[in-house]
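Each chain, letter by letter, is given below.
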There are 2 protein chains.
Amino acid sequence: MPAARRSSPRDLAELATRTEALRGASLAELAWGLAFELGGDGVRTKGKVGQLIERALGATGGSSASRDFPDLGVELKTIPIGVRGVPTESTFVCAIALGVDEATPWSASWARAKLAHVLWVPIVGEGAARKVGAPFLWRPTSAQDSQLAADYDEAMGILGLGGVEGLTARTGRWLQVRPKAPDGRKRATAVGPDGEWIATVPRGFYLRSKFTGAILRDAAATP
Amino acid sequence: MPAARRSSPRDLAELATRTEALRGASLAELAWGLAFELGGDGVRTKGKVGQLIERALGATGGSSASRDFPDLGVELKTIPIGVRGVPTESTFVCAIALGVDEATPWSASWARAKLAHVLWVPIVGEGAARKVGAPFLWRPTSAQDSQLAADYDEAMGILGLGGVEGLTARTGRWLQVRPKAPDGRKRATAVGPDGEWIATVPRGFYLRSKFTGAILRDAAATP
DNA sequence: TAGGATCCACTGGTGGATCCGT
DNA sequence: ACGGATCCACCAGTGGATCCTA
């Protein structure tokens, strides 16, 4: 099995080498090699896989870093793949700063910065049988960037006009807005219909699985 | 010994009753009654006494509450008293919001709100022999409030003019400004000499022991 | 002696995502 | 199928103060 990694990769080539070494490894053996508690099953282990892969690749930050590999400008995202070879879930991108992002253009947004260069690591299968698929570095094409920008602008436009409660996950072709909170409590504030501040649930950006599925197919077709 | 208290007191009378019941109790017996780890000695137990008294009186919040007894508008402060009957330390009031408080008048300040109504609980003696002295509720007299306002205005004036690095603990007759951070690191920002933002160490307001000593004497003289 | 430095507990917010009714 | 709801780990910040040299 791949050796445990703790130091951060120095360049993209080293990151690529390390990532390739993970390919085909089962999550169980990775966890064992890093003395990582993966947890058996479902609901109480939601973020564990992502953190396991971070450690296996020597990602810095843990949290509070703007990206997983700040020196390389690369963001790491795991993506669960089902038996049919397509993503089983949408992908969380980042939180929305309500009251701030409405006035931030896509070109300067946190979301765009995170998506500018992503190392996608597919996790294939279910439960204890999950293993690492074929990872790949990705940058959005200019066409993809344009559509993401359009989705972003649409959502931020709705928020800016006081439509936070009308902005559902149905808005956006590839990039959508959904709740992002440990519970349903209204711990954030946003502009309401009449321009006043109202309490609301925190939101985040997510990529629809249609989009990540398309990225995966492109990557498979262009080795 | 006094019984363990967990619910919050409903009114000032109940708070006074509970507080009076603590008088003369040793910290060791209070801790035992509440199953509280007081810790043996010095450096690793700095805030323990305050938290013990909070629990003994049923203070709410723990943290993040604006006051210890929000419904009563009362702040709880323990104050260490040495063998000569005078405070051995200054008293921390609250943190300074650098970049905000400079523009906040004393009348609207967090510091004034905290000091508006304080339950002082003297802690008499040293080490394992410490016990609760004679607690008392206090409100600043208008003369005291004026002097505190003057100290506050002086300090905030210096900060507003970019003098953060020149504002030492020597400024202020009763209310002083001192560092407030787990380490000496510059984790806050303030306006510098040339109007630019500079990194600096977080600060807090403290009451000089001269002042708390005077309050104590007044309380002893007016039973 | 007191100004500047430091220590612990606790928790809200963030980053990692997946769960689960309709 | 997917929109809305939820779960865990981690850490910086806050609130409780006292330590410790020059």
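Just above, that's the structure.
Calculation notes
Residues numbered from 1 in each chain as written. Chains lettered and ligands numbered in written order. Predicted model: local features only at pLDDT ≥ 70, side-chain atom pairs only at ≥ 80, totals over all residues. Heavy atoms only, no water. Near = heavy atom within 4 Å. Polar contact = N/O pair within 3.5 Å; in protein donor to acceptor, adjacent residues only side chain to side chain. Helix = DSSP H or I, 4+ residues; strand = E, 2+ residues; numbered from the N terminus. Nonpolar A, V, L, I, M, F, W, Y, C, P; charged D, E, K, R; others polar. Pairing = 2+ DSSP bridges. Axes fitted to C-alpha atoms, helices over the stretch in contact; angles between N-to-C directions.

Chemist: Just to check I follow, could you spell out the protein's contact with DNA strand C for this structure?
Modeler: Taken together, 41 residues surround DNA strand C, and among them Lys180 of chain A together with Arg44, Lys46, Gln176 and Ala181 of chain B come closest. Of everything in DNA strand C that lies within 4 Å of the protein, sugar and phosphate atoms constitute 59%. Contact between DNA strand C and glycine 47 of chain A: a base nitrogen at 3.3 Å from a main-chain N or O atom of the residue. Within the side chain of arginine 178 of chain B, an N or O atom sits 2.7 Å from a base nitrogen of DNA strand C. If you list the elements that add at least two residues to the surface near DNA strand C, you get α3 (48-57), β1 (75-81) and α4 (110-115) of chain A together with β6 (175-179) of chain B.

Chemist: Looking at this structure, I do not really get the protein's contact with DNA strand D. What am I missing?
Modeler: Surrounding DNA strand D, one finds 41 residues, the nearest of these being Arg44, Lys46 and Ala181 of chain A together with Lys180 and Tyr206 of chain B. In the environment of DNA strand D, a base oxygen lies 2.4 Å from a nitrogen or oxygen atom belonging to the side chain of lysine 46 of chain A. For the surface near DNA strand D, the elements supplying multiple residues, two or more each, are β6 (175-179) of chain A together with α3 (48-57), β1 (75-81) and α4 (110-115) of chain B. The element contributing the most residues to the surface near DNA strand D is β1 of chain B, with four residues. The residue makeup of the surface near DNA strand D, split by class, is eleven nonpolar, twelve polar and 18 charged.

Chemist: Mind showing me how you'd approach the sheet that holds strand β2 (residues 91-95) of chain B here?
Modeler: Across a sheet, strands are paired by hydrogen bonds formed along the backbone, either parallel or antiparallel in direction. All names here are of chain B. As summarised here, the arrangement of the three strands in space is β2-β9-β6, forming an open sheet in which the pairing is antiparallel. Where the open sheet ends on each side, the last strands, each with one partner, are β2 and β6. Taking the axes of each pair of neighbouring strands and ignoring which way they run, one obtains an average angle of 35 degrees across the sheet. Summarising the sheet, β2 and strand β9 (residues 203-207) pair through four bridges and their orientation is antiparallel.

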